[in-house]
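Below are the chains, spelled out letter by letter.
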Amino acid sequence: MDRVKRSKQSAIIIVLCGCLAAACYWALRNGFERSASGPEDTTEPSGKLVTGTSVVAGESTHLSRLQTLSSSDPGDQVEIEKQISEMTEAEVIAALEAIWTDDVTAPRNELAIQLLRRWAEQSPAAAATWISSRPETVSQVEGLRAVVAAWAASDLKGAAQWVRQLAGEQRISAIIAAGYEAAQNSPREALWLAAELPSSALRDDLIHNVVGQWVHNDTNAPLAWARQMPKSSLREQVFGSIAVSMSDSMPAMAASLAIDELPAGKQQNDAVISIVQRWAQQNGLEAAEWVQSFPEGPLREQAVENLVQLWADKSPEQAAAWVEQLGEGPFRDAALGALSQGAALTF
């Protein structure tokens, strides 16, 4: 009887063990399936998608981090650049759409401009099209320049072709941005871009910048390029910029260039005065000899005034001795006036 009882107990234990093993098997299997498919997603009443313990609110985590940083803080700026460099094109576009404003009274949005630079590195044509379609604001103008500059740095031909199809102020801003970017490595192309701008202080500054960098690297090439230009106000401006840029290291050659290549007029006068100012601080006596050789007239008197003022500031006794030996006349009067003015400023 006891033997039968023990047999029944053993059978029950075996059945229970089997059930327990089966339960463990199915539990483990379900666990692996959930792990492979990811955590279960649920939606909060707020509309935020909850994934495990993190909340995704429909915006890039990079943007969330960027909005906690300040571009005026050098430490934060490093982190801003790092975050932006890691963003995909889709993230950049989403971030721009989230923070951009077409309010014309809004201040410059530095973060948006940095995002636009990143987008231009990824897809310059798309970035250029997007920013050019926005209403003109402070950020839009700065953003357009940033995109064009980034595009020109990697593909000057493509950027130049695109900016030429723009109109009005956008075209001017874009050409200037491309010109400055091209100045160091492609000065000829930069000057051709400048030639397409209407005459203005902005064009003058661009030409002077391009020529200055070009002359610094190679004196002969810009001269040869300028000499093949047709006679025009632009040609005069280029020669004037070349002469002024050369005067820092070769004032005598710059002086000859200004006299030989530039016709009498405002462009020549401006170049001559700029050369005198630079030469006077290097070698006052040489500059004085050049100025003294000018024909009588307003330019000669204006040049000697600039010469003596700067020369006297550096070598007052030498400048005074030179003025003292001048013959009577308007030239000496102008020099004495400049010398007296310099002496008055000293006290």
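Residues numbered from 1 in each chain as written. Predicted model: local features only at pLDDT ≥ 70, side-chain atom pairs only at ≥ 80, totals over all residues. Heavy atoms only, no water.

Asks: Any details on the nonpolar core? Residues and values, ideally.
Replies: In a soluble, globular protein the nonpolar side chains are often hidden away together inside. Residues Leu96, Leu115, Ile242, Trp290, Val304, Leu307 and Trp322 are the most contacted members of the largest nonpolar core, which totals 94 residues. Excluding anything up to four places from it in sequence, Val304 contacts Val291, Trp322, Phe331, Ala334 and Ala335. (Core = buried A, V, L, I, M, F, W, Y, C linked by side-chain atoms within 4.5 Å. Buried < 20%, exposed > 50% of the residue type's maximum accessible area, 1.4 Å probe, protein only. Contact = heavy atoms within 4.5 Å.)

Asks: Before we move on, can you summarise the layout of surface pockets with the specific residues and values?
Replies: A volume near 380 Å³ is recorded for the largest pocket. Lining the largest pocket we find 17 residues, and of these Asp204, Gln237, Ser241, Gln267 and Asp270 sit closest to its centre. Listing elements by their share of the lining of the largest pocket, those giving two or more residues are α11 (201-217), α13 (233-246) and α15 (266-282). Residue composition of the lining of the largest pocket, grouped by class: 2 nonpolar, 8 polar and 7 charged. (1 Å grid on protein atoms, 1.4 Å probe; cavity = no way out; pocket = protein on both sides within 12 Å on 5 of 7 lines; lining within 4 Å. Points joined across faces, edges and corners; volume = space filled by probe spheres on them. Helix = DSSP H or I, 4+ residues; strand = E, 2+ residues; numbered from the N terminus. Nonpolar A, V, L, I, M, F, W, Y, C, P; charged D, E, K, R; others polar.)

Asks: I'd like to hear about the pattern of salt bridges, residue by residue, with values.
Replies: For the coordinates displayed, the defined rule picks out 15 salt bridges. Ionic pairing is found between Glu196 and Arg164, a salt bridge with its closest N-O pair at 2.6 Å. Remark: Arg164 occurs in the loop between α8 (156-163) and α9 (168-182) and Glu196 occurs in the loop between α10 (187-195) and α11; sequence separation between them is 32 residues. Accessibility expressed as a relative area gives 29% for Glu196, which makes it partly exposed. (Salt bridge = Lys/Arg side-chain N within 4 Å of Asp/Glu carboxyl O.)

Asks: Explain the packing of aromatic side chains to me, and be specific about the residues and the numbers.
Replies: A complete count under the given rule lists 9 aromatic pairs for this structure. Ring geometry for Trp100 versus Trp130: centroids 5.4 Å apart, planes at 75°, classification edge-to-face. Here Trp130 lies in helix α6 (residues 124-132) and Trp100 lies in the loop between α4 (89-99) and α5 (110-122), a separation of 30 residues in the sequence. Between Trp192 and Trp225 the ring centres are 5.1 Å apart and the planes differ by 70°, which places this aromatic pair in the edge-to-face class. Linking Trp192 in helix α10 with Trp225 in helix α12 (residues 220-227), this pair joins segments that are 33 residues apart in sequence. Of the aromatic side chains, those joined through ring pairs into one cluster are Trp100, Trp119 and Trp130. Lying across the ring of Phe331, Arg300 places its NZ or CZ 3.8 Å from the centre. (Phe/Tyr/Trp six-rings, centres within 6.5 Å; stacked < 30°, edge-to-face > 60°. Lys NZ or Arg CZ within 6 Å of the ring centre and 35° of its normal.)

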